[in-house]
Amino acid sequence: MACCQTNPDNNKIQPILRIKKIPLYLWLLVLSFILHFDQQNAGTLTFKEIVKLFLIFTILALFILGSSFIYFRNAGKAFFFSFLILLIEFYAPPFQDTLRSVPLIRNLASYAVFIPLLFIILCYSIYRLKKAAGIRPDVIFFLNCLFGVFTVLSTIQILSRGKNATYPGKILYSERSSAPAKLPNIYLLIADEYAGNDQLEIMFGFKNDRLPSELKKRGFHWIRYSRSNYNFTPFSMASIFQMDYLKEIKPNSSETSQRYIAFNYINNNELAKILKS
């Protein structure tokens, strides 16, 4: 009587076959984006904040996934379309900035071109997904591996910072808590990525007069025609707190090492030293 024997090699192949079929790339996209954001911004997130953001984006992904499944009636298509939506949400803005930095294709970065282009890509993706029989296993496997590698690399970079890494605001907060109570508070309001009054009125027909008038009533100083010297908020903050130009910062730079320089200035700046003296 012949016995059925299991080939040991088949057991080794099973995990690989599962990776080819299970769309892990959607959750790996969310996790890799959060870790990459933390790594790019010199550890601005705590572990609790990373978990919180992952849960928030997971809920968002599940909502998009459920809506996509109702339309496509196919789990694989729903996962891929949800992945595409989040990919655009996470990486369209930095991709747009990249287009602006290339002279030959700079016009593609204008909102009049970029937004319709994204809309066309989404519509075409819906059309192709609707016609397709499903998502091929090799595509699932490729995306799983790609964003798995991104997640691992970001994790390694975060861990390599070591225990002595300084975080933005760490020193400033400790200094503020020990300041004498008799000194008045100083409030610096930075409306990050908030367009100026002229741009809002010219491009959107919106008059933003109420904001500066209300701030003036409360004793704030409003700079009417202010312009930024830098392309990244921490660079501007570091320059303000240092009360000087940042000679180490390259023009239009987005390098992580340049951001670390800015965060170090924010944590140890000349303005705080003057206020403490």
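Residues numbered from 1 in each chain as written. Predicted model: local features only at pLDDT ≥ 70, side-chain atom pairs only at ≥ 80, totals over all residues. Heavy atoms only, no water.

Draft legend 1. The overall build of the protein chain, seen in detail. What the protein chain contains, in helices and strands, is 12 helices and 0 strands. The order of helices and strands in the protein chain, counted from the N terminus, is α-α-α-α-α-α-α-α-α-α-α-α. Looking at the protein chain as a whole, 29% of its 277 residues are labelled buried. Pairs at least 24 apart in sequence give 66% of the contacts found in the protein chain among residues at least 6 apart. Carbon and sulfur atoms make up 65% of the accessible area of the protein chain, which totals about 19,800 Å². (Helix = DSSP H or I, 4+ residues; strand = E, 2+ residues; numbered from the N terminus. Buried < 20%, exposed > 50% of the residue type's maximum accessible area, 1.4 Å probe, protein only. Contact = heavy atoms within 4.5 Å. Areas by Shrake-Rupley, 256 points an atom, 1.4 Å probe, with all protein chains shown as cover.)

Draft legend 2. Structural context of the side chain of Ser 68. In this fold, Ser 68 is placed in helix H3 (residues 47-72). Note on Ser 68: relative accessible area 5%, which makes it buried. Reaching out from Ser 68, the side chain makes a polar contact with the backbone oxygen of Ile 64 at a distance of 2.7 Å. Aside from chain neighbours lying at most four places away, what touches Ser 68 is Arg 73, Ala 78, Phe 81 and Ser 82. (Polar contact = N/O pair within 3.5 Å; in protein donor to acceptor, adjacent residues only side chain to side chain.)

Draft legend 3. Main features of the confidence of the model for the protein chain. Summarising the model, the protein chain shows a mean pLDDT of 79, and 83% of its residues fall at 70 or more. Mean pLDDT across the elements of the protein chain bottoms out in helix H7 (residues 170-177) (45) and peaks in H3 (90). Contacts of residues 163-177 to residues separated by more than four positions or lying in other chains number 24 contacts, the stretch itself having pLDDT below 50. (pLDDT = per-residue confidence, 0-100.)

Draft legend 4. Up close: the environment of Leu 188. With respect to the secondary-structure elements, Leu 188 resides in the loop between H7 and helix H8 (197-204). With 33 residues separating them along the chain, Leu 188 and His 221 place their C-alpha atoms 9.9 Å apart. When residues no more than four places from it in sequence are discounted, the contact partners of Leu 188 are Ile 240 and Phe 241.

Draft legend 5. Broad picture of the nonpolar core. The biggest cluster of nonpolar side chains holds 26 residues, and the ones touching the most others in it are Ile 34, Phe 83, Leu 86 and Phe 90. Here this core gets 7 residues from one element, more than from any other, and that element is helix H2 (residues 25-40). Of all hydrophobic cores here, the second largest spans 9 residues; its members include Tyr 230, Phe 235, Leu 246 and Phe 263. (Core = buried A, V, L, I, M, F, W, Y, C linked by side-chain atoms within 4.5 Å.)

Draft legend 6. Summary view of the pattern of salt bridges. Counted by the stated rule, this structure contains 5 salt bridges. Asp 138 is the salt-bridge partner of Arg 136, the closest N and O atoms lying 2.6 Å from each other. A relative accessible area of 38% places Asp 138 in the partly exposed class. Note that Asp 244 and Lys 247 form a salt bridge whose closest N and O atoms lie 3.5 Å from each other. Given the relative accessible area of 38%, Asp 244 is considered partly exposed. Residues participating in the shared-partner salt-bridge network are Glu 214, Lys 217 and Arg 218. (Salt bridge = Lys/Arg side-chain N within 4 Å of Asp/Glu carboxyl O.)

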